[in-house]
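# Chains, contacts and geometry: an overview
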Amino acid sequence: TNKQTQKNSIHVMKTSLNLRPAIAVGITTMGSLGAIVYSHYSQVRDKAEMRAGVERDKERLRIKRRLKKEQKQENTATTSDPGT
């Protein structure tokens, strides 16, 4: 029984030694995949935020032009109105 226990112990140690590199590769692979997924979604989010910024800028310019046009029309109406 002592020899059988010793053989079992050696077998467990060999199996354990064989698993360590596989576990290390697995952990490294999972870490790499996590970094890739994070980077991808980070770029997608950044691109969406930049696009939203462009849309806000376009809207701001459209409002600014409209207000400038309205102000110009008001100035033209008041200067051409002889009743004032």
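Here we summarise the structure given alongside this text.

### With respect to the pattern of salt bridges
For the structure shown, the criterion picks out six salt bridges. Across the pair Arg-62 and Glu-59 runs a salt bridge, and its minimum N-O distance is 2.5 Å. Of this pair, Arg-62 and Glu-59 both sit in helix α1 (residues 2-80), three residues apart, which is roughly one turn of the helix. Among the salt bridges present, the one from Glu-70 reaches Arg-66, with a minimum N-O distance of 3.4 Å. Here Glu-70 and its partner Arg-66 are both found in helix α1, four residues apart, which amounts to about one turn of the helix. Assessed through its relative accessible area of 40%, Arg-66 is described here as partly exposed. Here the residues in one salt-bridge network are Arg-45, Asp-46 and Glu-49, joined through shared partners.

### As for a nonpolar patch on the surface
Taken together, the side chains of Leu-19, Ile-23 and Ile-27 present a nonpolar region at the surface, about 300 Å² in accessible area. One can find Ile-23 in helix α1.

Parameters and conventions
- Residues numbered from 1 in each chain as written.
- Predicted model: local features only at pLDDT ≥ 70, side-chain atom pairs only at ≥ 80, totals over all residues.
- Heavy atoms only, no water.
- Salt bridge = Lys/Arg side-chain N within 4 Å of Asp/Glu carboxyl O.
- Helix = DSSP H or I, 4+ residues; strand = E, 2+ residues; numbered from the N terminus.
- Buried < 20%, exposed > 50% of the residue type's maximum accessible area, 1.4 Å probe, protein only.
- Patch = residues over 30% accessible without salt bridge, like charges linked within 9 Å, V, L, I, M, F, W, Y side chains within 5 Å.
- Areas by Shrake-Rupley, 256 points an atom, 1.4 Å probe, with all protein chains shown as cover.

On their own, these measurements won't tell you what the molecule is for.
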